[in-house]
Amino acid sequence: MLTRRGLLWAGAGGWLAARTYAADSPGAVTSGTEEVVAALPGKRPLIQHAFRPPNFETPLADLAAPFTPNNAFFVRYHLALIPEVDPLQWRLQVGGASAQRPLTLSLQELKHDFTLVTVPAVNQCAGNRRGLFAPRVPGVQWGNGGMGNARWRGVRLRDVLRRSEISADAVEAVFSGADSAVLPSTPGFAKSLPVDRALDENTLIAFEMNGEPLPHWNGAPARLVVPGWAGTYWVKHLTDIRIEPKPFDGFWMKGGYRIPTGVFPGRRFVTQETPETTPVTEILVNSLIVSPAPGSRLQRGRPAQLSGKAWDGGSGIVRVEVSVDGRQSWRAATLGADLGRFAWREFHYALDTSRAGPLQVAVRAHSRSGATQPDKLIFNPSGYHDNIVQTLAAEVA
Amino acid sequence: MMRRAARLGWVPAALLCAAVCSALWADAAPASRATEITQLKDSPGRDLTVGRCIICHSVEYIPANAPAMDRASWQKSVQKMRERFGAPITDDEAKQILDYLAANYSDKKSP
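Conventions used here
Residues numbered from 1 in each chain as written. Chains lettered and ligands numbered in written order. Predicted model: local features only at pLDDT ≥ 70, side-chain atom pairs only at ≥ 80, totals over all residues. Heavy atoms only, no water. Helix = DSSP H or I, 4+ residues; strand = E, 2+ residues; numbered from the N terminus. Contact = heavy atoms within 4.5 Å. 1 Å grid on protein atoms, 1.4 Å probe; cavity = no way out; pocket = protein on both sides within 12 Å on 5 of 7 lines; lining within 4 Å. Points joined across faces, edges and corners; volume = space filled by probe spheres on them. Nonpolar A, V, L, I, M, F, W, Y, C, P; charged D, E, K, R; others polar. Pairing = 2+ DSSP bridges. Axes fitted to C-alpha atoms, helices over the stretch in contact; angles between N-to-C directions. Parallel < 35°, antiparallel > 145°, perpendicular 65-115°, else oblique. Phe/Tyr/Trp six-rings, centres within 6.5 Å; stacked < 30°, edge-to-face > 60°. Buried < 20%, exposed > 50% of the residue type's maximum accessible area, 1.4 Å probe, protein only. Lys NZ or Arg CZ within 6 Å of the ring centre and 35° of its normal. Salt bridge = Lys/Arg side-chain N within 4 Å of Asp/Glu carboxyl O. Expected span 1.5 Å × (residues − 1). Core = buried A, V, L, I, M, F, W, Y, C linked by side-chain atoms within 4.5 Å.

### What to know about the side chain of Ser164 of chain A
In step 1: In this structure, Ser164 of chain A sits in the loop between helix 2 (157-163) and strand 12 (172-177).
In step 2: Not counting residues up to four positions away in its chain, the partners in contact with Ser164 of chain A are Val94, Ala99, Gln100, Arg101 and Leu103 of chain A.

### Here we look at empty space enclosed by the protein
Residue and element names in this part refer to chain A.
In step 1: Per the counting criterion, the structure on display carries six cavities of 30 Å³ or more.
In step 2: Taken together, 20 residues line the largest cavity, and the ones lying closest to its centre are Arg76, Arg223, Gly231, Trp234 and Lys236.
In step 3: Lining the second largest cavity are 14 residues, and of these Gln124, Cys125, Ala126, Leu284 and His385 lie nearest its centre.
In step 4: A per-class count over the lining of the second largest cavity returns six nonpolar, five polar and three charged.

### Re the sheet that holds strand 9 (residues 103-106) of chain A
Strands belonging to one sheet form pairs held by backbone hydrogen bonds; the direction of such a pair is parallel or antiparallel.
Residue and element names in this part refer to chain A.
In step 1: Across the sheet, which stays open at both edges, the five strands sit in the order 9-8-17-12-13 with mixed pairing between neighbours. The sheet is open, and its two borders are formed by strand 9 and strand 13 (190-194), each paired with just one other strand. Strand-to-strand, the axes of this sheet are offset by a mean angle of 20°, without reference to chain direction.
In step 2: Judged from the five bridges that link them, strand 12 and strand 13 form a sheet pairing that is antiparallel. Residue pairing across strands places Ser176 opposite Ala190, the latter belonging to strand 13.

### A closer look at the packing of helix 4 (residues 46-53) of chain B against helix 7 (residues 91-104) of chain B
Working note: a packed helix pair is described by the angle between its axes plus the distance between those axes.
All names here are of chain B.
In step 1: Relative orientation of the contacting elements helix 4 and helix 7 amounts to 110°, with a least axis distance of 9 Å. Comparing the axis directions of helix 4 and helix 7 gives the class roughly perpendicular. Residues Arg46, Leu48, Thr49 and Arg52 of helix 4 pack against Glu93, Gln96, Ile97, Tyr100 and Leu101 of helix 7.
In step 2: Here the residues of the contact of helix 4 with helix 7 are counted per class, giving four nonpolar, two polar and three charged.

### Details of the packing of aromatic side chains
All names here are of chain A.
In step 1: Using the criterion set out here, one finds 15 aromatic pairs over all chains in the structure.
In step 2: Measuring from centroid to centroid gives 4.8 Å for Phe251 and Trp252, while their planes differ by 85°, and the two rings are edge-to-face. By the burial criterion, Phe251 is buried, and Trp252 matches it.
In step 3: Here the aromatic cluster, defined as three or more aromatic residues joined through ring pairs, consists of Phe73, Phe74, Trp142, Trp152 and Trp234.
In step 4: For the cation-ring pair, Arg151 lies above Phe67, with the distance from its terminal atom to the ring centre recorded as 4.4 Å.

### Some points on the pattern of salt bridges
All names here are of chain A.
In step 1: In total, this model carries 16 salt bridges over all chains according to the counting rule given.
In step 2: Here Asp375 and Arg327 are joined by a salt bridge, their closest N and O atoms 2.8 Å apart. A residue pair is termed long-range when its members are at least 10 positions apart, and Asp375 in the loop between strand 27 (357-367) and strand 28 (390-396) and Arg327 in the loop between strand 23 (317-323) and strand 24 (331-332) qualify at 48 residues.
In step 3: Residues joined by salt bridges that share partners form a network here, namely Asp240, Arg242 and Glu244.

### A few points about helix 7 of chain B
Residue and element names in this part refer to chain B.
In step 1: Its 14 residues place the ends of helix 7 20 Å apart at the C-alpha level, agreeing with the 20 Å of an ideal helix rising 1.5 Å per residue.
In step 2: All of the buried residues along helix 7 are Glu93, Ala94, Ile97, Leu98, Tyr100, Leu101, Ala102 and Asn104.
In step 3: At its buried positions, helix 7 is contacted by helix 4, helix 5 (61-65) and helix 6 (71-83).

### Notes on the nonpolar core
In step 1: Counting residues in hydrophobic clusters, the biggest one holds 71 residues, and the most contacted among them are Leu110, Trp152, Val160, Phe175, Ile205 and Ile241 of chain A.
In step 2: The biggest single contributor to this core is strand 14 (residues 204-209) of chain A, with five residues.

### A few points about the environment of Pro59 of chain A
All names here are of chain A.
In step 1: Of note, Pro59 is situated in the loop between strand 5 (54-57) and strand 6 (75-76).
In step 2: Residues Pro59 and Val37 lie 22 residues apart in sequence; the distance between their C-alpha atoms is 9.0 Å.
In step 3: Residues in contact with Pro59, not counting those within four places in the same chain, are Pro45, Leu46 and Ile47.

### Some thoughts on unusual backbone geometry
All names here are of chain A.
In step 1: Cis geometry is adopted by the peptide bond preceding Pro221, which originates at Ala220 and carries an omega value of 0°.
In step 2: Turning to its location among the elements, Pro221 is positioned in the loop between strand 15 (212-213) and strand 16 (223-225).
In step 3: The step from Ser291 to Pro292 runs through a cis peptide bond, and the omega angle for that step is 5°.
In step 4: Within the element layout of this structure, Pro292 appears in the loop between strand 20 (286-291) and strand 21 (297-298).
In step 5: At Glu165, a residue that is not glycine, the phi angle is positive and equals roughly 55°.
In step 6: In this fold, Glu165 is placed in the loop between helix 2 and strand 12.
In step 7: Glu165 gets classed as partly exposed once you look at its relative accessible area, which sits at 39%.
In step 8: Even without a glycine there, the phi angle at Arg327 is positive, about 70°.

Here's what the structure looks like:
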């Protein structure tokens, strides 16, 4: 069913460049670390954090488009054995103690037996911006590009789960994929969702991304899409769903992707919570300045536009504000088209370039649910939820 | 790198295969600054560290994490690899690896 040819991709991935960015202030759009840029097969050059397992970040310039191109979309794996899955041989198993009618579905059956839907949504790694934490914390040192926005097409998970006749005692749905660890002793990558989030109409088993089949490195032939929730739940190369009457105790739920309990806003995952820690769940309201690039020199008197993206966990963005006077006063940016409440929203703002000198810009987004970005980072030891007010230092000359 | 991996004594075939894949890749990469930063500092314990770590992952994780690490955090990391991820590392090897990482990749600034 699965081949291991994917393992040998590494020799083909060429080094392209290495460059160093200067360290910058909190909230600014540089990581302060060495950046290596390299291309995986089928991808354009991305910022390489690790080649095995592959962890590649989308460069800032590739986050400018309304939908992030598939060949520029970030890649994130925990485990090194990543098979190329034959879509004709692929099967999805649905079962577990709370599924009264276990199913096996081919891709063909999935596409023809269920309603097809498309959801535009941000996929953001829980650890996006970890590399910007001060003090620094261990883990993949992501800058801003552990995220992207895409149109995900597939079928509703709930339609599939209903066919498996879930019993009333169901508590969590557990998902695993075809990728695996080198050592049998390493826990496989499996994640769970509260059963109500699994049954949400927006949670998909997706097989297309931006109108094309899912790229290999983004979970072909089918992956879970959980709009509004961190990327860790979007299990790639999905092969197995189990509906269970008890909380899942796998390593990637109990031993990782956890934040201090009661500190951050967002949906609680109660069956996985302890008095000390709780799983990362929803994406917090956030923004990103895409241009001008950090440290740009803007020509005096020439029009210059600040632009970027704002998003949250699914309430939608109602306002983006810009300050150019050290956060004393804020003015509204112009919002771009509403691509859907789980997608990001573009914003634009005309910068005043009439006077020469340094330009310090701050940006904050407001969600429809009334949340905004904090001024200071809420430190947590695993480096999640960096949604502080974004800043840009430029110069008018 | 490949020769070093082969000198490490007992390594199961599957693990050796993984190591060789990494080594082949390293050999294929052109000499540049980019390759330098994936090569670990040459000091006692490096061969053992490379040999054990690349069973599961490339060594880029080590310099990339150095700014967040001190001896205590490397100890936690090595322990996690052994206990949570089942890395085949003996007590004696773990000490050598920890000494190497603590001496070469502990750039955490004290508060």
